[in-house]
Amino acid sequence: MKNYKLLIPIVAFLLVSIFLYKGLYSDPTNIENANLAKPFPEFQLADLMDENRLYSKADLLGEYTLINVWGTWCVTCRVELPFMTQLRQQGVKIVGVYYDNAAEAAFGELDVRQTRREVTEMLAQLGNPFQFNIYDEKRDLSLDLGVTGAPESFLIDDKGTIIAHRRGAIDHRVWQNEFAPLLPNNHGSNLSEQQK
Amino acid sequence: MLPEIGHFSLLISLVFSVCLAIFPLIGAQKKIVEFVALAKPLVYANFTLLSVAFFCLSWAFYHNDFSVTYVAMNSNSDLPWYYRLSAVWGAHEGSLLLWVWILSLWTAGVAFFSSSLDDDDVARVLAVMGFIAIGFLAFVIFTSNPFERTFPMFPIDGRDLNPLLQDVGLIIHPPMLYMGYVGFSVAFAFAVAALIGGKLDATWARWSRPWTLSAWGFLTAGITLGSWWAYYELGWGGWWFWDPVENASFMPWLAGTALIHSLAVTEKRGAFKSWTVLLAISAFSLSLLGTFLVRSGILVSVHAFASDPTRGLFILVYLLIVIGGALTLYAWRADKVVSTHRYKLFSREVLLFVNNVLLVAALVVVLLGTLLPLVHKEIGLGSISIGAPFFDSVSSIWFIPFIIALSIGPFVRWKQDRFSRIKTKLFVGAVPAAIVAITCYLMLQINTFFSLLGVVLATWLAALVVYELITSGKKNPLPLSHWGMSLGHLGFAALVIGIAITKVASVDKSVRISPGQSVTVNNYEFKFTAVEQFEGPNYSAYHALFDVSNGSDSFSLKAEKRYYKMHSNVMTEAGIDPGLWRDIYISLGEQLDGDAWAVTANVKPFVRWIWLGGVLMVLGSIMCILDKRYRKILSWRAQRQPSEAGPVESVSANKVIEQKVKFE
């Protein structure tokens, strides 16, 4: 065979297959975690809906809080929102960190009003689990947290220590196995399975 | 009893498929006439058996036979009869049965319409298709049997069909999509058969063109329907989400679009031979990859199907055999292909090549965007989700060169041309484009550079297509395929205009509103008149009634929220007033305290043009297939030429004209 170019398709396909094979057997959301038992980073950021309202780490302390990094552009987040809303109804405090994907992608300026519209619309459709949303405009907080994408969730205790971290959506099973046992009063453990 | 007959038919069909994959192929290679003659009877038998199996499953659904597990899981006696029938392909097992049945349908079609082809060539093609069938039949029988019984205890009533799927759009969307996916297997089989037989001339391209065009038409229809369905059923007014499952259908479409253009070059000019073979293999491979991605649950998606590693592994091994085998064959055989055809830099060949490169580039971007989350995770970087903004920003640059090449292409001659010859023609489109651009800017307040550019280029394209039709139609009557091509290109222009305008000019407002109150969006006043309770056959619902007016125009709309008892699932049905120039769209959100509701009201200009574009492309592909040059190819009456000369030399009337042009 003289023409090695013709081998490119088969080689590319075999490479992809290796990943497809590995993907089949890995839990899509399992990660080793460097964050656990570390304090939640300090920050000073505005509310997503109101740029005059500022939050800092102190606003997260005092009770166990679930921090959810998300965005309207993220498909998986859409799947997660209804379950998170159920959690909120069970009394879990959930705070959103809004990760805007548009800054790199769009050609113009970042349009906060457009983002707000999208957020309002999506939360109206799928349920609003958040007490409030922190707008991580420059992605500093996400960087400090080592966020690789959305959704990601961090559970912190009343003193602000990260006690659980998950990359990917939280569903009923994940919540039962990884998060609920860590909470002092085992919130959300009696949620019915409605994910299908 | 019937489910057992269905199951038994599947088993026999598997045996027949194995025979079909082996004997005709040996027969064609070793010149054993008896083996070759087996091919068509086996194909027809397979089609009959699978039709029986499909009928048995449909019967079980129609008669509420809940002793069949699959029926019990996906149907319910309250369900109207048409949803009971469409529930056949409402979940994994049944949709795979539909897949193999459609494959047997296409195979039977090839067998039926190929009397004027050489027997050995047909035998190879059918054998390849039989080989494809083996994998899917084994998959159905061993991992996803739809005929499994629930004995000894069977439920009184079923679990009901997923409410999302209880919709007219979803009755026809999957069969259309599968007709497209599986239809590419014909081009694949022709290409692989050509590689096996070592006959890599333009013949296989000519034979597979009508098949590829029809598969592409079905796929386009399927994608358009899916987009339209998502728009009115999911309740957030979007029409494309770059969701992995959508990407899985978009990738074969891109490859297929490249393929129908590249086939034209290979057939008419004998160029791009090896490239066309690769595209034919890719289009079907991507269909299979799409099936794998959807059915293995490997990617997280809003479509969220059941995830099962065994099933995924089965399909992966099958992919390795079919795709890996075809690509290995390609690497081994395609280096014998020499394209002797020469062409200059400014020629239709080159413009079609640019079109192909751009389509493949788009394909690679979508493929990477879809698979990157997977790769990213597997090399230890953690999970990520690549969202619509990524794809949107890439495609907003991509369309510029694409649409320019598309506009100029039909004017340029094969082999070589001079730009000075066509440049005055190109200005013809500039006038309407400028008028439309100014109108859009003033009337619709479109002020984003990329949207305006989209509208301008698309109008330019449309004007040139019409101009080209008029000028070339003057000299001699145009063949249907020419009309088809123009219609397809007009469809693309409509699609671009729809996307460009609706992306920027849509206005929406999410409000908390009680009956009696009203909200104004973009000069339209939405008055919330009342909420009514309503009982459907298997759901209960709230109807929210609105009176909408903007002075000159007034009408009422009904947005709906349904609660499905069996699934304890809530669905929205948007209230839509459709129009060519704008859609008014209301979706009902949560019920808030008191009598207030969360409601989203949208005004979406030109959104319908997106699906109009899809419809035009489908009509275009139908016209191309109906062209009389294919009537000869697809004849079922044997008009066989002496097999030595074969169909290779049979030159259609069009071809003769083209060759005259060529030698001028």
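Computed from a predicted model, the values in this text were never measured in an experiment.

## Points about the sheet that holds strand S7 (residues 575-577) of chain B
All names here are of chain B. The strand order across the open sheet formed by four strands is S1-S9-S8-S7, and the pairing between neighbours is antiparallel. Every interior strand has two partners, whereas the edge strands, strand S1 (507-513) and S7, have only one. The mean inter-strand angle of the sheet, taken between neighbouring strand axes irrespective of direction, is 15 degrees.

## A short note on the sheet that holds strand S5 (residues 132-135) of chain A
Residue and element names in this part refer to chain A. Pairing within the open sheet is mixed, and its five strands lie in the order S5-S4-S3-S6-S7. Taken across any chain shown, the strands that pair with only one partner, and hence form the sheet edges, are S5 and strand S7 (162-167). The average angle at which neighbouring strand axes cross in this sheet is 20 degrees, direction not considered. As paired strands, strand S3 (residues 65-70) and strand S6 (residues 152-156) are joined by five bridges and run antiparallel to one another. Within the sheet, the bridge partner assigned to Leu66 lies in S6 and is Leu155.

## Description of the environment of Val521 of chain B
Looking at where Val521 of chain B falls in the secondary structure, it is placed in strand S2 (residues 518-521). Separated by 287 residues in sequence, Val521 of chain B and Leu234 of chain B place their C-alpha atoms 21 Å apart.

## A short note on the confidence of the model for chain A
On average, residues of chain A score 77 in pLDDT, and 80% of them reach the 70 mark or higher. Confidence drops under a pLDDT of 50 for residues 28-32 of chain A, and excluding neighbours within four residues, the segment shows 10 contacts in the predicted structure.

## Quick word on the packing of helix H16 (residues 449-475) of chain B against helix H17 (residues 480-505) of chain B
All names here are of chain B. Contact geometry of H16 with H17 gives a least axis separation of 9 Å together with a crossing angle of 160 degrees. As the angle between them shows, H16 and H17 are arranged roughly antiparallel. The chirality of how H16 crosses H17 is left-handed. Of the residues in H17, those touching H16 at Ser451, Gly454, Val455, Ala458, Leu461, Ala462, Val465, Glu468 and Leu469 are Ser486, His489, Leu490, Ala493, Val496, Ile497, Ile499, Ala500, Ile501, Lys503 and Val504. Taken together, the residues that form the contact of H16 with H17 break down as 14 nonpolar, four polar and two charged.

## A short note on the confidence of the model for chain B
All names here are of chain B. In the predicted model, chain B carries a mean pLDDT of 83, and 89% of its residues have values of at least 70. This model gives residues 637-664 a pLDDT under 50, and the stretch forms 24 contacts once residues within four places in sequence are excluded. Across the predicted assembly, pTM comes out at 0.78 and ipTM at 0.76.

## Comments concerning the domain arrangement of chain B
Taken domain by domain, chain B comprises domain 1 (1-162), domain 2 (418-505 + 609-630) and domain 3 (507-606). The C-alpha-based centres of domain 1 of chain B and domain 2 of chain B are spaced at 42 Å.

## Some words on the pairing of S7 of chain A
Looking along a regular strand, one sees the side chains alternate between the two faces of the sheet. Residue and element names in this part refer to chain A. Where S6 and S7 come together, five bridges link them in antiparallel fashion. Among the inter-strand pairings, Ile156 is bridged to a residue of S7, identified as Ile162. Hairpin geometry of S6 and S7 is characterised by an intervening segment of five residues between the two adjacent antiparallel strands and by a positive phi of about 90 degrees at Gly160.

Cut-offs applied
Sequence positions are assigned chain by chain, starting from 1 and proceeding in written order. Note on labels: chains are lettered from A, ligands numbered from 1, in written order. Selection of residues for local features in this predicted model requires a pLDDT of at least 70, selection of side-chain atom pairs for listing and counting requires 80 or more, and totals for whole chains, interfaces and linings are taken over all residues. Any two strands are treated as partners once DSSP identifies two or more bridges connecting them. Segments assigned H or I by DSSP are reported as helices when at least four residues long, segments assigned E as strands when at least two residues long, and all are numbered from the N terminus. To define axes, lines are fitted to C-alpha atoms, for helices over the stretch in contact only, and angles between the resulting N-to-C directions are given on a 0 to 180 degree scale. Known as pLDDT, the predictor's confidence for each residue is given on a scale from 0 to 100. Here the contact rule is simple: place C-beta atoms from the backbone, and any two residues whose C-beta atoms are within 7 Å are in contact. The scheme is simple: roughly parallel for angles under 35 degrees, roughly antiparallel for over 145, roughly perpendicular for 65 to 115, oblique for anything else. Less than a right angle of anticlockwise turn of the near helix away from the far helix marks a crossing as left-handed, whereas a clockwise turn marks it as right-handed. Each residue is assigned to one of three groups, with Ala, Val, Leu, Ile, Met, Phe, Trp, Tyr, Cys and Pro labelled nonpolar, Asp, Glu, Lys and Arg labelled charged, and all others, Gly among them, labelled polar. Delimitation of the domains relies on an automatic or database domain assignment.

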